[in-house]
Amino acid sequence: MANDRLTTRAGEARLDAYLDDLAARLRGPRRRREQILDELRDGLHHAVTDRTAAGLPQGDAVDAAIAQFGTPQAVAEAFAGELVTAYVRRTIAWYIATGPLVGIWWLLLLQPHPWRTGLVALLAAIPVIPLIIIAIATAAGTLATTGRLMRWLPEASPQHALAATTTIAALALAGDLTVIASYLRSDIPAHLLATFALAASLTRIACSLVTMRHATAMRTSPPS
């Protein structure tokens, strides 16, 4: 029994080392990475159990199960596209959720009565509107080509989806910097709304810089 327990511990340590190596190669949302690792752990345990039930020594069963699943690099590459899609869709959803909130604060601050002005005056007061339109179009196209609409639309490659995400983050960054500069050049007095708008844009600027860095790293650094 002692030898069996030692063998079990050795086998478990071998599986843990394999999964730790794989975890270091997976890039994407933490929750999805954890789900993938849990699924692989369960699959490995089932594979080892099936082989030991067939009479194979546990050490050999562990080696055979790992060989069946493939090297950590091969498994990471197999899941790379799925993780990129999850990252892209989560990031774009965040921009879609925060964009209107930040935009409304700035609109009310820079143009308190937008319905009283014409379109030209509104564009002059809120110069980021064209950037917003481009960002929305890019986000909608990326979501459509990475989700269920892939059945009818051409599927976006992971590289193109990451490029689109970088573009959206850059547009958001440019938009936030533009409205902040517009406010600082204006004679609008400081008040609570300005505090909320500035805080929201500064937060999005930080998030956009992180997004651009992560998306670029995922595009240029394959699993290794």
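Residues numbered from 1 in each chain as written. Predicted model: local features only at pLDDT ≥ 70, side-chain atom pairs only at ≥ 80, totals over all residues. Heavy atoms only, no water.

## As for the side chain of Thr91
No. 1: With respect to the helices and strands, the residue Thr91 is situated in helix H4 (residues 72–110).
No. 2: A distance of 2.8 Å separates the side chain of Thr91 from the backbone oxygen of Tyr87, its partner in a polar contact. (Helix = DSSP H or I, 4+ residues; strand = E, 2+ residues; numbered from the N terminus. Polar contact = N/O pair within 3.5 Å; in protein donor to acceptor, adjacent residues only side chain to side chain.)

## What about the pattern of salt bridges?
No. 1: Counting across every chain of the model gives eight salt bridges.
No. 2: One salt bridge connects Arg14 with Asp63, and the closest N-O pair in it is separated by 3.4 Å. With a gap of 49 residues between them, Arg14 in helix H1 (residues 2–25) and Asp63 in helix H3 (residues 58–69) connect regions that are remote in the sequence.
No. 3: Looking at Arg14, the relative accessible area reads 40%, which means it is partly exposed.
No. 4: Owing to a relative accessible area of 38%, Asp63 belongs among the partly exposed residues under this scheme.
No. 5: For the salt bridge of Arg32 with Glu39, the shortest nitrogen-to-oxygen distance reads 3.8 Å.
No. 6: When its relative accessible area of 18% is taken as the criterion, Arg32 is described as buried.
No. 7: The class for Glu39 is partly exposed, based on a relative accessible area of 47%.
No. 8: Several salt bridges converge on common partners, so that one network encompasses Glu12, Asp16 and Arg41. (Salt bridge = Lys/Arg side-chain N within 4 Å of Asp/Glu carboxyl O. Buried < 20%, exposed > 50% of the residue type's maximum accessible area, 1.4 Å probe, protein only.)

## Focus: the packing of H4 against helix H7 (residues 158–185)
No. 1: At a minimum axis separation of 10 Å, H4 and H7 run at an interaxial angle of 20°. When the axis of H4 is compared with that of H7, the two are roughly parallel. The way H4 lies across H7 gives a crossing that is left-handed. Contact with H4, carried on its side by Gly81, Val84, Tyr87, Val88, Thr91, Ile92, Tyr95, Val102, Trp106, Leu109 and Leu110, involves Pro158, Ala161, Leu162, Thr165, Ile168, Ala169, Ala172, Asp176, Val179, Ile180, Ser182 and Tyr183 of H7 and no other residues of that element.
No. 2: The class makeup of the residues in the contact of H4 with H7 is 18 nonpolar, four polar and one charged. (Axes fitted to C-alpha atoms, helices over the stretch in contact; angles between N-to-C directions. Parallel < 35°, antiparallel > 145°, perpendicular 65-115°, else oblique. Left-handed = near helix turned anticlockwise from the far one by under 90°. Contact = heavy atoms within 4.5 Å. Nonpolar A, V, L, I, M, F, W, Y, C, P; charged D, E, K, R; others polar.)

## A word on the packing of aromatic side chains
Aromatic ring pairs are reported here in terms of the distance separating the ring centres and the angle at which the planes meet.
No. 1: The full count for this structure, using the stated rule, is two aromatic pairs.
No. 2: With 5.0 Å between their ring centres and 80° between their planes, Trp94 and Tyr95 make a pair best called edge-to-face.
No. 3: A relative accessible area of 7% means that Tyr95 is categorised as buried. (Phe/Tyr/Trp six-rings, centres within 6.5 Å; stacked < 30°, edge-to-face > 60°.)

## Some remarks on the environment of Arg90
No. 1: Counting through the fold element by element, Arg90 comes out in helix H4.
No. 2: Residues Arg90 and Pro29, spaced 61 residues apart in sequence, show a C-alpha to C-alpha distance of 8.3 Å.

## Observations regarding the nonpolar core
Soluble, globular proteins show a tendency: their nonpolar side chains are buried together.
No. 1: In this structure, Leu22, Leu26, Leu40, Leu44 and Phe79 are the most contacted members of the largest nonpolar core, which totals 19 residues.
No. 2: When residues of this core are traced back to their parent elements, those giving at least two are H1, helix H2 (30–53), H3 and H4.
No. 3: Of all the elements, H2 adds the most residues to this core, at six residues.
No. 4: Sequence-distant contacts of Leu26, that is, excluding residues within four places in its chain, are made with Arg33, Ile36, Leu37, Ala76, Phe79 and Leu83.
No. 5: Formed by 13 residues, the second largest nonpolar core is a distinct cluster that contains Ile92, Leu162, Ile168 and Met218. (Core = buried A, V, L, I, M, F, W, Y, C linked by side-chain atoms within 4.5 Å.)

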